[in-house]
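Examining the three-dimensional arrangement
This is what each chain is made of:
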There are 2 protein chains.
Amino acid sequence: MAEKVTIATVARRARVSRQTVSNVLNAPHIVREETRERVREAISALGYRANQAARQMRTGRSRLIAVRIEPTRDGVNGSVLDRFLHGLTEAAEAAGYRVMLYTAPDSRSEIGAYDSLLGAYDLDAFVLTGTEHDDARAAWLTERNVPFVTFGRPWDDPAQTRSLGRAAVPSPHPWVDVNGADGVAQATRRLLDTGHRRIGFVGWPTGSGVGDDRRSGWADTLRSAGLDPTGLDRAAPDGFAQGEAAARDLLAGAEPPTAIVCASDSLALGALQAVPGPGDSAAGSDHRSPVAVTGFDDTPVAQAIGLTSVSQPLAQAAACCVDLLADVLDGGRRGGPVGSRRSDPAAGGPGQVLLRPSLVVRQSG
Amino acid sequence: MAEKVTIATVARRARVSRQTVSNVLNAPHIVREETRERVREAISALGYRANQAARQMRTGRSRLIAVRIEPTRDGVNGSVLDRFLHGLTEAAEAAGYRVMLYTAPDSRSEIGAYDSLLGAYDLDAFVLTGTEHDDARAAWLTERNVPFVTFGRPWDDPAQTRSLGRAAVPSPHPWVDVNGADGVAQATRRLLDTGHRRIGFVGWPTGSGVGDDRRSGWADTLRSAGLDPTGLDRAAPDGFAQGEAAARDLLAGAEPPTAIVCASDSLALGALQAVPGPGDSAAGSDHRSPVAVTGFDDTPVAQAIGLTSVSQPLAQAAACCVDLLADVLDGGRRGGPVGSRRSDPAAGGPGQVLLRPSLVVRQSG
DNA sequence: TTGTATGCGTTATCAA
DNA sequence: TTGATAACGCATACAA
C-alpha cells in the first residue's frame, strides 16, 4: 500500500506551498510557468490524484451524475438503456464526471430516491430517461433547483397546462431526444419508394408522447403522398404477442396492407409472425417476406433476424446529455472540440437537442 | 433550498453534543436509550442525512462499488449485463452501497482505470464480470489489497500455474458464478428424455473457461447416457452467422443430429436458420421444428422467438456479489436475513458461490 | 505570484 | 454515558 500522497506531499516535493499546488490544479493560469511545471512534475512523479471527498466537501460538488437503471421491461427493448448507459458513462468520464446508478420501481418512488440521493451524496445532476406527460420528476427537480437533463422531450399537453391557470407552464429544461416521427417517416417513405401503397401501422395506444410521435410520422408521410391512413393503424401495448395480434387484425381486412410499420421491435417481431412467411409462399428460398415489416430501435433482435428497423444514435444522445449538463454545471465555460449541438441557438433557454435517427434496411423490408 | 442540516443542527435540537449524535448513528448501543430516542427524533424531524463526503474523508470509505459497463458486444447477449447491473444496484442499495459505472475498451486499460478510480474516489470495491484465464485484473487488485468479487469463476489453468514455479498460485478471491455445465447438461438431458439420441453441440472454440465449461456439460451428459459425443460438436466464435454455419456443417453429415445444443442464444439463433423450418416440412402449421435447438442465457431474443434456453439467475448472482463484498467490507459482521449462501462452508477462505441455472422450455425444443 | 489561516461535516481519541 | 478537541484533504479569502 503506497503512502497516501496529498496536496501537501506534492507541495513539499515541488518546494512550494499547498496553495500553489491547488492553484496549478484549479487555476493554472495564475501560476508562473516555471513553478507550474515543477508542480506538475511532482504531481506525476508522485502519482498524485485529488481526493474527491475532500474536494467535494469544500466545493459541495461531487462530480457524480445519477441515472436510474430500470428493470428490464418487456425485454426486447432492454438493450436500448444498456447502450445509452455505456455512452453516458464514456461521455461523463471524458468530461470529468462519473455515473452513479440507482433503482426505483416506479416514478413515484423515484422522486423519493432523489431526495435521499441528494441528501447523502450531493449529486451534481440527474439524467432522466423515458419522459412522461407532465413529468412529476422534472417538476420536482426543477422546483429544487437540481440540475438535470432528460433523454426524451417533455410531452406536456399545452392545453391542459394552460387550463391550470397561473403560470403552471413548466419551466423548460435541457433535453435530448431522438426524432421518432422522423424515423418512422423514413421507414414509411422508403416503403412508398419501393412501390408500397397500402402501408399499415402498429403502435401503442394514444396517450404516450413517444407513441403518438411515432404514429404521426407514419400518418403524415402517407398524407403527404396523397394517401389516406384511415383504418390502416392498430393500437397495441408493447409486446410480441400484442404485435402479432394487431398485425393479424390488420391483415384480415378486405384490402390488407402490403407493408407494416411498427412502433417497436417487439411489435415488429410479433407482426413478422403474423405475415405470411417465405416458407408458405410457392417460390423457393426467397428470403423476402411478401409483407414488409419494419421495427423501431434496432435492437439486437432486429440485427439477428434481419428486421429493418429505425436506429437511434444512442451514444450521441448520451454525449449530448453530458454536454448539456456540463453546460449547466461548469457554468457554460466549456466549449471543447465537441462542437455546438444546440438545436435552437436562437433561444436563450436551456439547450435542447433533437437528433435524427437512421433507418437500417434489412431483409424484412 | 432548505437550510443545510448537519450533525451540529441535530445536536442543538436534541440538546446533546455532536459526538453523541455521531454515536447514535454509528454505535447506538453505547448511548443511553432516552438520549438515543431524543436524537433520533431530532434526526427525523430535521430530515437529517449524513454527508457521505465528510464521512468518507474521515473513514476513508466511500460506500461506492465500481462495475464496468462493457460496450454491447455482439448485441444479443448484451441484456445479460443489463439485468445483472439492475440486480447489483438494487442489492447494493439494500446494503447501503452505491454502484458507480466505468468503461474500458479492454482488460489492459481496465487496470489503468482501477488506478485512477481508486486514487480519486476511494472506491470500496470492484465487481468484475467476465473472468478470463489467469485474470490479470484479479491479480492486480489482489496485490493491492483492493476488495473485489468476480462474477465468473477464476479459470486458472492449474498446470500452467504450477509450471511458473514459486507460489504463483493466485490467492483465492470471492466469486459468484452460474454453473454453465449444469445448465447445458439440463438442456441435453431433457433432449435425451424426449427421445433424442443424436444431439449436437455448437460452442465457442476451446480455450475460454466459460465455453469449455458449457461444452463439458453436453459431452458428459451424453457419455453418462452411454452415447459418444465424438464428431457431434462444432466450434465457432459467438455470433449469428457463425452459429448458422456451424449448424449447417453439423447437419450436412451422414447422420445429422436431431437436436443441437448451443453455448449462447446468438449461436442458437443462427442454428435455427440452418435447421429445416416448419414451413419446409410437409405438415401444416406444426410450429415444432424437426431439429430441436436450445440456447443459453435466455435473452429477450429467446423469449421473443420461442427459443428454449438456459436462464441464469442474474438478480440472485448480483445479490450474492454484494453479500460477499459486504462480508469483506463490513468485516463479516453482517448476517441479516439473507441467509448463508456460502457454497463451501467448510473452507475458511473467501466465499465462493456457484448458482444453478434453470432451463426455460419453449417451442424450439 | 506565493504563503497563511480557516472551515467544510464527520469520526476518533481522550478526558470528564 | 457524554462532551471537548483534533484531524481527514482540499479550496478560498486574505495577507505578504
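The rules behind each value
Residues numbered from 1 in each chain as written. Chains lettered and ligands numbered in written order. Predicted model: local features only at pLDDT ≥ 70, side-chain atom pairs only at ≥ 80, totals over all residues. Heavy atoms only, no water. Helix = DSSP H or I, 4+ residues; strand = E, 2+ residues; numbered from the N terminus. Buried < 20%, exposed > 50% of the residue type's maximum accessible area, 1.4 Å probe, protein only. Contact = heavy atoms within 4.5 Å. Areas by Shrake-Rupley, 256 points an atom, 1.4 Å probe, with all protein chains shown as cover. Buried area = accessible area lost by both parts, 1.4 Å probe. Salt bridge = Lys/Arg side-chain N within 4 Å of Asp/Glu carboxyl O. Polar contact = N/O pair within 3.5 Å; in protein donor to acceptor, adjacent residues only side chain to side chain. Near = heavy atom within 4 Å. Nonpolar A, V, L, I, M, F, W, Y, C, P; charged D, E, K, R; others polar. Expected span 1.5 Å × (residues − 1). Least-squares fit on C-alpha atoms with pLDDT ≥ 70 in both. Domains from an automatic or database assignment. pLDDT = per-residue confidence, 0-100. Pairing = 2+ DSSP bridges. Axes fitted to C-alpha atoms, helices over the stretch in contact; angles between N-to-C directions. Core = buried A, V, L, I, M, F, W, Y, C linked by side-chain atoms within 4.5 Å. 1 Å grid on protein atoms, 1.4 Å probe; cavity = no way out; pocket = protein on both sides within 12 Å on 5 of 7 lines; lining within 4 Å. Points joined across faces, edges and corners; volume = space filled by probe spheres on them.

Here's the deal with the overall build of chain A
For chain A, the helix and strand inventory stands at 14 helices and 12 strands. Every one of the 365 residues in chain A was classed for burial, and the buried ones make up 51%. Considering only intrachain contacts with a sequence separation of at least 6, the fraction spanning at least 24 residues in chain A is 68%. Counting every atom, chain A has about 16,600 Å² of accessible surface; 50% of that belongs to carbon and sulfur.

Structural notes on the interface of chain B and chain A
Quite often, the size of an interface is put as the accessible area lost when its parts meet. Tallying the contact residues gives 50 residues for chain B and 50 residues for chain A. Counting each side, the surface lost to burial between chain B and chain A is near 4,200 Å², with a carbon and sulfur contribution of 60%. Ranking the residues of chain B by area buried against chain A places Arg49(B), Asp82(B) and Arg98(B) at the top, with a combined share of 14%. Our enumeration of links across chain B and chain A arrives at two salt bridges. The interface formed by chain B and chain A includes seven residue pairs in polar contact (both at pLDDT 80 or more). Listing elements by their share of the side of chain B that touches chain A, those giving two or more residues are helix 4 (52-59), helix 5 (78-94), strand 2 (98-102), helix 6 (107-121), helix 12 (265-274) and helix 13 (300-305) of chain B.

Comments concerning the protein's contact with DNA strand C
Near DNA strand C, the surroundings consist of 26 residues, among which Thr35(A), Arg58(A), Gln19(B), Tyr48(B) and Arg58(B) are the closest. Between DNA strand C and Arg58(A) there is a distance of 2.5 Å, counted from a base nitrogen to a side-chain nitrogen or oxygen. Between a phosphate oxygen of DNA strand C and a side-chain N or O atom of Arg55(B), the distance comes to 2.7 Å. For the surface near DNA strand C, the secondary-structure elements that each account for two or more residues are helix 2 (18-26) and helix 4 (52-59) of chain A together with helix 2 (18-26) and helix 4 of chain B. In terms of residue class, the surface near DNA strand C is made up of nine nonpolar, 10 polar and seven charged.

Focus on helix 9 (residues 180-193) of chain A
Residues and elements named next belong to chain A. With 14 residues, helix 9 extends 20 Å between its outermost C-alpha atoms, agreeing within 8% with the 20 Å of an ideal straight helix rising 1.5 Å per residue. Of all 14 residues making up helix 9, 11 are buried, and the element is well covered by its neighbours. Of all the positions in helix 9, only Gly180, Ala181, Asp182, Gly183, Val184, Ala185, Gln186, Ala187, Thr188, Leu191 and Leu192 are classed as buried.

Brief notes about the relation of the copies chain B and chain A
With an axial shift of 0.1 Å and an RMSD of 0.2 Å, the rotation relating chain B to chain A amounts to 180 degrees. In short, the pair behaves as if placed about a two-fold rotation axis. In this assembly the copies share their binding face: 100% of the residues contributing to the interface of chain B also contribute to that of chain A.

Some details on the protein's contact with DNA strand D
The immediate surroundings of DNA strand D are formed by 26 residues, with Ile7(A), Gln19(A), Tyr48(A), Arg55(A) and Thr35(B) found nearest. One nitrogen or oxygen atom from the main chain of Ile7(A) is found 2.5 Å from a phosphate oxygen belonging to DNA strand D. With respect to DNA strand D, the side chain of Arg58(A) contributes an N or O atom lying 2.9 Å from a base nitrogen. Secondary structure elements with two or more residues in the surface near DNA strand D: helix 2 and helix 4 of chain A together with helix 2 and helix 4 of chain B. The element that contributes the greatest number of residues to the surface near DNA strand D is helix 4 of chain A, accounting for five residues. Taken together, the residues of the surface near DNA strand D break down into nine nonpolar, 10 polar and seven charged.

Topic: the domain arrangement of chain A
Residue and element names in this part refer to chain A. What the domain assignment reports for chain A is domain 1 (1-46), domain 2 (64-177 + 313-356) and domain 3 (180-311). Tallying the contact residues gives 11 residues for domain 2 and 19 residues for domain 3. For the pair domain 2 and domain 3, the number of links is two salt bridges. With its nearest N and O atoms 2.7 Å apart, the salt bridge here joins aspartate 182 to arginine 356. In the side of domain 2 that touches domain 3, the residues fall into four nonpolar, three polar and four charged.

Quick notes on the environment of Leu141(A)
Residues and elements named next belong to chain A. For leucine 141, the position within the fold is in helix 7 (residues 136-143). C-alpha separation for the pair leucine 141 and alanine 95, spaced 46 residues apart in sequence, amounts to 22 Å. Once residues within four sequence positions are removed from consideration, leucine 141 is found in contact with Tyr114, Phe126, Leu128, Val146 and Phe148.

Regarding the confidence of the model for chain A
All names here are of chain A. Taken over all residues, the pLDDT of chain A has a mean of 84, while the share at 70 or more is 84%. Element-level mean pLDDT values for chain A span from 51 in helix 8 (residues 158-163) up to 98 in strand 12 (residues 358-360). A low-confidence stretch, residues 161-167 (pLDDT under 50), is modelled with five contacts involving residues beyond four sequence positions or located in other chains. pLDDT under 50 marks residues 279-288. Its contacts with residues more than four places away, or in other chains, come to seven contacts.

Comments concerning the sheet that holds strand 1 (residues 64-68) of chain A
Ordered in space as 11(A)-5(A)-4(A)-3(A)-1(A)-2(A)-2(B)-1(B)-3(B)-4(B)-5(B)-11(B), the 12 strands form an open sheet in which the pairing is mixed. Strands with a single pairing partner mark the edges of an open sheet, and in this sheet they are strand 11 (352-355) of chain A together with strand 11 (352-355) of chain B. Strand-to-strand, the axes of this sheet are offset by a mean angle of 20 degrees, without reference to chain direction. Two strands pair when backbone bridges link them, and strand 1 (residues 64-68) of chain B and strand 2 of chain B are joined in this way by five bridges, in the parallel orientation. Note on strand 2 of chain B: the bridge partner recorded for Arg68(B) is Tyr102(B). Across the sheet, helix 14 (residues 314-329) of chain B touches strand 1, strand 3 (125-129), strand 4 (148-151), strand 5 (175-178) and strand 11 of chain B, and the angle it forms with strand 4 of chain B is around 160 degrees.

Some thoughts on the pattern of salt bridges
Residues and elements named next belong to chain A. Here the structure, examined in full by the defined rule, presents 37 salt bridges over all chains. Put simply, arginine 68 and glutamate 110 hold a salt bridge, and the shortest N to O gap is 2.7 Å. Highlighted residues: arginine 68 in strand 1 and glutamate 110 in helix 6 (residues 107-121), separated in sequence by 42 residues. When its relative accessible area of 10% is taken as the criterion, arginine 68 is described as buried. Judged by its relative accessible area of 1%, glutamate 110 falls in the buried class. Because the salt bridges share partners, they merge into one network encompassing Arg68, Glu110, Asp135 and Arg137.

Regarding the side chain of Thr188(B)
As for its placement among the helices and strands, Thr188(B) is situated in helix 9 (residues 180-193). Beyond its immediate stretch of four places on either side in the chain, Thr188(B) contacts Ile199(B), Trp218(B), Thr221(B), Leu222(B) and Val261(B).

Observations concerning the nonpolar core
The tendency in soluble globular proteins is for nonpolar side chains to be buried as a group. Ranked by internal contacts, the top residues of the largest apolar core, which has 64 residues, are Leu88(A), Leu101(A), Val176(A), Leu88(B), Leu101(B) and Val176(B). Beyond its immediate sequence surroundings of up to four residues, Leu101(A) is in contact with Val67(A), Ile69(A), Leu85(A), Leu85(B), Thr89(B), Glu93(B), Arg98(B), Val99(B) and Leu101(B). Counting 38 residues, the second largest nonpolar core, distinct from the first, contains Phe126(A), Leu128(A), Tyr114(B) and Ala120(B).

Here's the deal with empty space enclosed by the protein
Taken as a whole and assessed by the stated rule, the structure comprises three cavities of 30 Å³ or more. The space that makes up the largest cavity amounts to roughly 120 Å³. Looking at the largest cavity, it is lined by 13 residues, and the ones nearest its centre are Gln56(A), Leu64(A), Gln56(B), Leu64(B) and Tyr121(B). Elements with a minimum of two residues in the lining of the largest cavity: helix 4 of chain A together with helix 4 and helix 6 of chain B. Of the residues that constitute the lining of the largest cavity, the class distribution is seven nonpolar, six polar and no charged.

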